[in-house]
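Letter by letter, the chains look like this.
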Amino acid sequence: CLGMPAALVIGTAQSACLGMQDVKSPLYVLLAAAIINFCGDVLLVPNANPWLGGAAGAAWATVFSQYGALVMFWRWMTTRPKGDMQKNNGLKLNWNKIGDIFGGKKR
């Protein structure tokens, strides 16, 4: 429940990166989040406290890793140079065909 806002933003940012044909950035961010989650599991799960140990510790580690990924995605998306987001890879849109598809011309 506490990690859902972060999970929503992470999924959206990952989709945005993939839409910009940036495959490596989400991989690095999610790898770092997995490492944070693993370290949190190692530290919190063996704890004897019922609020921080066992399954609750694993849940807290996941929440921390999700917000860590949120911060990493936020920094990546807000500090990228404009040229990186608008790469021209030879993809050209045919606006006439798009207009036809969405009702511009009747057949």
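Notes on the structure follow. As the structure is a computational prediction, the values presented were derived from the model and not from experiment.

Here we come to the packing of helix α1 (residues 4-19) against helix α2 (residues 24-44). It is the contact of α1 with α2, at a shortest axis distance of 8 Å, that shows an interaxial angle of 150 degrees. Between α1 and α2, the angle falls in the class roughly antiparallel. Of the residues in α2, those touching α1 at Ile 10, Gln 14 and Cys 17 are Ser 25, Pro 26 and Leu 30. Class assignment for the residues of the contact of α1 with α2 results in 4 nonpolar, 2 polar and no charged.

Let's shift gears to α2. Think of an α-helix as 3.6 residues a turn; residues three or four steps apart then line up on the same face. Helix length check: α2, at 21 residues, gives a terminal C-alpha distance of 30 Å against a target of 30 Å (1.5 Å per residue), a fit within 8%. What α2 keeps buried is the set Ser 25, Pro 26, Val 29, Ala 33, Gly 40 and Leu 44. Down the axis of α2, the buried side of the element spans an arc of 90 degrees, and every buried residue falls inside it. Relative to its buried face, α2 has exposed residues pointing more than 90 degrees away, namely Lys 24, Leu 27, Tyr 28, Leu 31 and Phe 38. Buried residues in α2 make contact with α1 and α3 (54-79).

For soluble globular proteins, nonpolar side chains are generally found buried alongside one another. Membership of the largest hydrophobic core is limited to 7 residues, which are Ile 10, Ala 13, Cys 17, Val 29, Ala 33, Ala 69 and Phe 73. Those elements that place two or more of their residues in this core are α1, α2 and α3. Per element, the largest residue contribution to this core is 3 residues, and it comes from α1.

Conventions we followed
- Residues numbered from 1 in each chain as written.
- Predicted model: local features only at pLDDT ≥ 70, side-chain atom pairs only at ≥ 80, totals over all residues.
- Heavy atoms only, no water.
- Axes fitted to C-alpha atoms, helices over the stretch in contact; angles between N-to-C directions.
- Helix = DSSP H or I, 4+ residues; strand = E, 2+ residues; numbered from the N terminus.
- Parallel < 35°, antiparallel > 145°, perpendicular 65-115°, else oblique.
- Contact = heavy atoms within 4.5 Å.
- Nonpolar A, V, L, I, M, F, W, Y, C, P; charged D, E, K, R; others polar.
- Expected span 1.5 Å × (residues − 1).
- Buried < 20%, exposed > 50% of the residue type's maximum accessible area, 1.4 Å probe, protein only.
- Arc of directions from axis to C-beta.
- Core = buried A, V, L, I, M, F, W, Y, C linked by side-chain atoms within 4.5 Å.

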